[in-house]
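Structure at a glance
Below, each chain spelled out in residue letters.
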Amino acid sequence: MKRDPIHQFLKDPDNKAKLFMGITGVMIMTTFLMVIGTIIFILILVGVIHF
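These numbers were taken from a predicted model, which means no experiment stands behind them.

Scanning the chain from terminus to terminus reveals two helices and zero strands. At 20 Å, the chain has a C-alpha radius of gyration far larger than the 10 Å of a compact globule built from 51 residues. Taking the principal axes of its C-alpha atoms as reference, the chain extends roughly 60 × 20 × 10 Å. When each of the 51 residues of the chain is scored for burial, the buried share is 2%. Surface summary for the chain: the accessible area is close to 4,900 Å², and the carbon and sulfur share equals 76%.

Here is the structure:
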């Protein structure tokens, strides 16, 4: 029987909380970047931003 390093890591509640906070932060940053990208894309389509 092999030990699963992920299972061993997640046994500690502090590690679970750190992983949860990290994933939550990445999701918030990803959402923010998608919104900014969408706004810039719309401004390019409308013609406010010229390249």
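And the narrative resumes.
So, on to helix α2 (residues 13-46). In this model, α2 (34 residues) spans 49 Å end to end at C-alpha, consistent with the 50 Å of a helix rising 1.5 Å per residue. Just downstream of α2, G47 is the residue with a positive phi angle, here 105 degrees.

What counts and what doesn't
Residues numbered from 1 in each chain as written. Predicted model: local features only at pLDDT ≥ 70, side-chain atom pairs only at ≥ 80, totals over all residues. Heavy atoms only, no water. Helix = DSSP H or I, 4+ residues; strand = E, 2+ residues; numbered from the N terminus. Rg over C-alpha atoms; globule rule 2.2 N^0.38 Å. Buried < 20%, exposed > 50% of the residue type's maximum accessible area, 1.4 Å probe, protein only. Areas by Shrake-Rupley, 256 points an atom, 1.4 Å probe, with all protein chains shown as cover. Expected span 1.5 Å × (residues − 1).

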